[in-house]
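Residue-level listing of the chains:
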Amino acid sequence: MNFKKLSSLLLSGLLVFSLAGCGSGSSDSSNSDTEGKEKIVAWAWDKNFNIAALEEAKAIYEKENPDVEIEIVEFAQSDIIQKLNTGLSSGSTDGLPNIVLIEDYRSQTFLKSYPDSFKDLSDITTSDKFAPYKLDFMTLEGKTYGIPFDTGTTGLFYRSDLIQEAGYTDEDMQDLTWEKFIEIGKAVKEKTGVDMLTLDPNDIGQVRMMMQSAGTWYVKEDGQTPNFTDNEALKESVLMYQKLVEANISKTVSEWSQFVAAPNSGEVATVPTGCWFMPSIMGEESQSGLWKIAPLPRLGTVETSVNASNLGGSSWYVLDNVEGSDVAKDFMGKTFGSNSDFYQTILDKNGVIGTYLPAQEGEVYTKESEFFGGQKVFADLSEWSSEIPSVNYGLHTYAFEDILKAEVQNLLQGADIDTCLTNAQTQAESQIR
Amino acid sequence: MFKPTLFNKISCVIITSLLITSITLLTLTSNFFKQAFIRSYTTTSSSILKEVVGELETVNQNIILTMQQYKYSIPLQHYLTGTFSEKELFKLHYDINQSLEDTMQAPFSSLFYTVTLGTNGKLFVPSGRSLDVTVEELETLDITRLSKASPHQVFYTYLDANNKPHSTGKIIAATQLINPYTNQYFGTVYSIIEETTFRNLYLKFIFESNDILLIDSSGHVLSSNNPSLIGSQKKELLPDHTTQSLQTKSLEDVLLLSYYLPHYNMYLVNTIPYDFIFKDYEQLKSLLITIGLMMICLSTLCVFFITRRLTQPLNELILQMRRNSNGQFTKLNKVCTDYEIKQVQSVYNQMIDELDDYIAKLMEEQNKRRQAELATLQMQINPHFLYNTLATIKYLCWQNNTKAITLTINALISLLENTIYQKNEFIPIEKEIENLKHYVTINHIRYGDAITVDYHVESDCSHYLIPKLMLQPFVENSFFHAFQVKKEGRIKVFISKQGSLLNFTILDNGDGITDNGPSSAQTEPTNQKHFTGIGINNVNERIKLIYGPSYGVSLTSTPSIGTEVTILIPISSEMTN
């Protein structure tokens, strides 16, 4: 019967239609991405310092570019290093950030290990804008890959009250030698019972500061050759470190919070370190007015040693192959790369001393700090920063320091300094071979 | 409105059952889909949970491995049990870090950090880590007490951020540090996972709207992708039984899957709002309903048409039969090819045939009977006629008018012979004319010859057969009724052939028939003057019986001019002699 055929045809048609309907119904829920908003990610450590500066920059940039979202992720520095190494060596940019903060000691290692992974920022980072000693760390074959951020200019933070209690004046603290520093330390320990400084056996930054104050490093000028033997300044630095340990004026700490807690809780009278430590010192408001900053002590036995050095300091890098790298570069260029007001703000608000030269003419730099008893700390620090002897950190700073740390332990157990350094040289040579 | 017709009944039954079937089917299907959606989300959810649980297990294993290493660290044991000078400490710190270096390189080491608290009250945190909890907080943790009670076990607990700035909640594992060789107890080790770190472990498993929560056994939310839930009390999310590892629970608006983490003594819970699960289902449902409705409408239409088609022939049958009800039975047209209807039609038509046959037979019988009656009638000579004729003869005898007597008796004998002895119903026209002439003779002798009768018979007609005494009653009628006033006149009989017809015309120039004239004539069928029992009415009836209704007698009359009677009968072969 015709009618039957027709109806069955109609029914099957309906079925096909309904199936097609099902198919289309389930497929349209997939592409619901947040369109338009470009997202870039930045990694850094230290909430009070680097992260705070990033937040400030983000606020400025997002205001002008509402279609960009900047995500700031805080990681421990060691985690960033680990993740970067894993990601870059696997060749996959998956999970890597657009912007990353790298300590200057390590920057050459990254630039050389992963060529083409970082974006060329030569047009942003010009030598008229940033201190030259800083630019060297991020320059490779004439191209500049980073934006210098904070300065590692060192200073000797000291408790003016405790020094005076021990019978010394603020003038005595200026342009010290380490020998004099130990002498004062012993007096402080004797008079006040307070240790002079903290030492961390796993982080011999003091050696590094001493070394650079004399313009030498673990490696020679080429950035590669181990420079342990025949390095008078290094030898004197290690010996001075040994004296610091053995003078019984130090408190041993093993991690950052203990390092910060010691000055904050009044357990130590001085902190010889990079100026990035300032926000941490200022974290303990009850000690306002008690602290002062003097130039870092120099090595009295080494003629080239000056009362200025560098510790740490880091710079921003943009990963080239991660999606959104152009936006990231634009973001860095418009904030850290050119914005004077921004630097004034983070300096004023967070005590972050950048290395952007035009910002140093701003009035915040000449401001007197209440916390530091009216001292013009920023002006002083920028003056000292100009005296820092320039060295090439090269590729192996931390690897060689690990070797030296072990040798320092040997030294403390009574080994001979020359044997120790020769050992270190041998180990270092075998390691880079 | 609702007539209990077959159409209505069938439509009703089919549509009702269709509706019931469709609705049942729809309900079943939609329930099935609903279950399928829940099942698929349960599967997804449980595999998500298993993934997360796997990660958490790995973290747990790493924590245990790390703690194990701490137990083996001799420098740490020294540090946590003795007292040392700064110089000794300087070396110890270095040695501890060296001995624990492996733990810091471990793949999951960035997820947690480890703190040890020695029996001498000293705290050790490996370098590179910052400590976010105080010693007091650690000492007062319930797991510190628990782990001291059973020192070889690892216990987990949760520490609130307690509104500290830049601080998050922490999941803390603790066990006792016991040197595995000397069995010397030297402190407590804590591994601390920040809630935010913990959250990152399962954050990648968050799709659009599910929530993953970590709940302790008292219903306290420790960690969640939804930060607003952290710290809240959600006892209702706890599974009903604590024995099984994976459990499904259905709350009012969410599908809940929970996994018990025995190491952590916590529950990992994944909740998916039903709204989300049924988002696709709702689409499907509306599609189902739309299709269902369309099918129902379509089927209803189909049912209507099919039922209509089925019942249409019946209705036509009814209409046709109804038309037949006024006594006229015609056969039904073949309209339908359906078997049943065909049968009804053929049975009905057969019935009509039989009925027609029966009626025809009946009619025929009746006709025959009537014809027989009429035939009997025409053979019965009115006794009055005989009496009157005989009386006339007697009178003639009296007069000795022998000639007239002979004439009259001859005529009477011929008449009697032709009517009584001649049994044939049909006679040739010449015979009928002869009879007429005898009859007229008798009448002339009786009543005088004031009324003359002329015969004009076409010569080729005289041999045709006609019913006996067909013309006599009209001549008789004219004799006795047409000349009441005029007393004299003429009667003319014309017989002619008109094609296939025979035309008999009896004309008189008598009084004509007034309106009540013929009635007086017709109301005297038993008039004594009548020759036989047949009146003019009977003639007409007889002709129609014999030849059919289209033949018969017609009468036109004009008062005082005359009357014309015309009889038409067909010529048929059998009518020739």
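Residues numbered from 1 in each chain as written. Chains lettered and ligands numbered in written order. Predicted model: local features only at pLDDT ≥ 70, side-chain atom pairs only at ≥ 80, totals over all residues. Heavy atoms only, no water.

**Regarding the overall build of chain B**
- Within chain B one finds 15 helices and 17 strands.
- In chain B, of all internal contacts separated by at least 6 residues, the share reaching a separation of at least 24 is 65%.
- When the accessible area of chain B is evaluated, it comes to approximately 30000 Å², of which 56% is carbon and sulfur surface. (Helix = DSSP H or I, 4+ residues; strand = E, 2+ residues; numbered from the N terminus. Contact = heavy atoms within 4.5 Å. Areas by Shrake-Rupley, 256 points an atom, 1.4 Å probe, with all protein chains shown as cover.)

**Observations regarding the pairing of strand β5 (residues 185–194) of chain B**
Residues and elements named next belong to chain B.
- With nine of 10 residues buried, β5 is to be regarded as a mostly interior element.
- Both strand β1 (residues 112–118) and β5 contribute to a ladder of seven bridges, which runs antiparallel. Each bridged residue has a counterpart across the sheet, and for Y113 the counterpart in β5 is I192.
- As paired strands, strand β4 (residues 170–178) and β5 are joined by nine bridges and run antiparallel to one another. Its bridge partner lying in β5, L177 is registered against G187. (Buried < 20%, exposed > 50% of the residue type's maximum accessible area, 1.4 Å probe, protein only. Pairing = 2+ DSSP bridges.)

**Comments concerning the sheet that holds strand β10 (residues 266–273) of chain B**
All names here are of chain B.
- The strand order across the open sheet built from five strands is β7-β6-β10-β9-β8, with neighbouring strands paired in antiparallel fashion. Looking at which strands have only one partner, the edges of the open sheet turn out to be β7 (221–224) and β8 (246–250). On average, adjacent strands in this sheet sit at an angle of 25 degrees to one another, irrespective of strand direction.
- Where strand β6 (residues 211–216) meets β10, six bridges bridge the pair, whose relative direction is antiparallel. Its bridge partner being in β10, I215 is matched across the sheet by Y267.
- On top of the sheet, helix α7 (residues 195–203) reaches β6 and β7; it is set at about 55 degrees to β7, its chief contact.
- Its contacts with the sheet place helix α8 (residues 274–323) against β8, β9 (254–261) and β10, and it is angled at close to 40 degrees to β10. (Axes fitted to C-alpha atoms, helices over the stretch in contact; angles between N-to-C directions.)

**Brief notes about the packing of helix α2 (residues 47–64) of chain A against helix α13 (residues 325–334) of chain A**
Residue and element names in this part refer to chain A.
- The interhelical angle for the contact between α2 and α13, taken along N-to-C directions, is 105 degrees, at an axis separation of 10 Å. Judged by the inter-axis angle, α2 sits roughly perpendicular to α13. Two secondary-structure elements touch here, α2 through L54, A57, K58 and Y61 and α13 through V327, D330, F331 and K334.
- A breakdown of the residues in the contact of α2 with α13 according to their chemical character gives five nonpolar, no polar and three charged. (Parallel < 35°, antiparallel > 145°, perpendicular 65-115°, else oblique. Nonpolar A, V, L, I, M, F, W, Y, C, P; charged D, E, K, R; others polar.)

**Observations concerning the pattern of salt bridges**
- Counting across every chain of the model gives 26 salt bridges over all chains.
- Here B:E195 makes a salt bridge to B:R199, at a shortest N to O gap of 2.5 Å. Of the two residues, B:E195 and B:R199 are both situated in helix α7; the distance of four residues between them amounts to about one turn of the helix. Across the pair, exposure class does not vary: B:E195 and B:R199 are buried alike.
- Three or more residues joined by partner-sharing salt bridges are found here, namely A:K119, A:D320 and A:D326. (Salt bridge = Lys/Arg side-chain N within 4 Å of Asp/Glu carboxyl O.)

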